[in-house]
Amino acid sequence: GYTLATVVVIHAWLPMSARLAGVVNEVGLYLGTIALLLIFAQVMLGRRLSWPKLPIRRMLRRWHFWVMVGIGVFVLGHIILDSPTVQLLISGLTT
């Protein structure tokens with residue numbers, strides 16, 4: 001969890017510091033931001049789940065799973081909208 005959060009923060013910080021945010025799809029940027037926030041929520045849920053005698057452990061495990069699914073959906077949308085390689089492939093398929 002911590003490693004993923006660190007990699008994602010670095011991934012977000014480098015393009016922003018290079019002023020590349022204006023070059024990407026705005027919706028894709030929002031999807032990536034939502035995924036980043038969900039990753040932080042996932043880390044917090046994971047920390048809570050590390051307590052074996054937690055009374056609401058079953059509910060938190062369910063939340064942990066669905067947050068993971070949400071991260072996957074938002075990351076996939078971010079990649080589809082902001083990846084130059086995927087955009088090239090899509091434009092090649094439509095022509």
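Look up: the structure comes first, before these words.
Residues numbered from 1 in each chain as written. Predicted model: local features only at pLDDT ≥ 70, side-chain atom pairs only at ≥ 80, totals over all residues. Heavy atoms only, no water.

## A few points about the packing of helix H2 (residues 26-49) against helix H3 (residues 57-82)
Here is step 1 of the chain: In contact at an axis separation of 8 Å, H2 and H3 are set at 155° when each is read in the N-to-C sense. Judged on the interaxial angle alone, H3 and H2 are roughly antiparallel. Considering the relative orientation of H2 and H3, their crossing is left-handed. (Axes fitted to C-alpha atoms, helices over the stretch in contact; angles between N-to-C directions. Helix = DSSP H or I, 4+ residues; strand = E, 2+ residues; numbered from the N terminus. Parallel < 35°, antiparallel > 145°, perpendicular 65-115°, else oblique. Left-handed = near helix turned anticlockwise from the far one by under 90°.)

## Structural notes on H3
Here is step 1 of the chain: A rise of 1.5 Å per residue sets the reference length of H3, with its 26 residues, at 38 Å; its end C-alpha atoms lie 37 Å apart and thus fit the reference within 8%.
Here is step 2 of the chain: Within the sequence span of H3, burial applies to Leu60, Val67, Gly70, Ile71, Gly77, His78 and Asp82. (Expected span 1.5 Å × (residues − 1). Buried < 20%, exposed > 50% of the residue type's maximum accessible area, 1.4 Å probe, protein only.)

## Things to note about the packing of H3 against helix H4 (residues 84-94)
Here is step 1 of the chain: Here H3 crosses H4 at 70°, and the two axes come no closer than 5 Å. Here H3 lies roughly perpendicular to H4, going by the angle between them. Every residue of H4 that contacts H3 at Ile79, Ile80, Leu81 and Asp82 is listed here: Pro84, Val86, Gln87 and Ile90.
Here is step 2 of the chain: Each residue belonging to the contact of H3 with H4 can be placed in one class, and the counts come to six nonpolar, one polar and one charged. (Contact = heavy atoms within 4.5 Å. Nonpolar A, V, L, I, M, F, W, Y, C, P; charged D, E, K, R; others polar.)

## As for the packing of aromatic side chains
Here is step 1 of the chain: All chains considered together, the criterion is met by one aromatic pair.
Here is step 2 of the chain: Ring geometry for Phe65 versus Trp66: centroids 5.0 Å apart, planes at 80°, classification edge-to-face.
Here is step 3 of the chain: What makes Phe65 partly exposed here is its relative accessible area of 43%.
Here is step 4 of the chain: Judged by relative accessible area, Trp66 falls into the exposed class, the value being 54%. (Phe/Tyr/Trp six-rings, centres within 6.5 Å; stacked < 30°, edge-to-face > 60°.)

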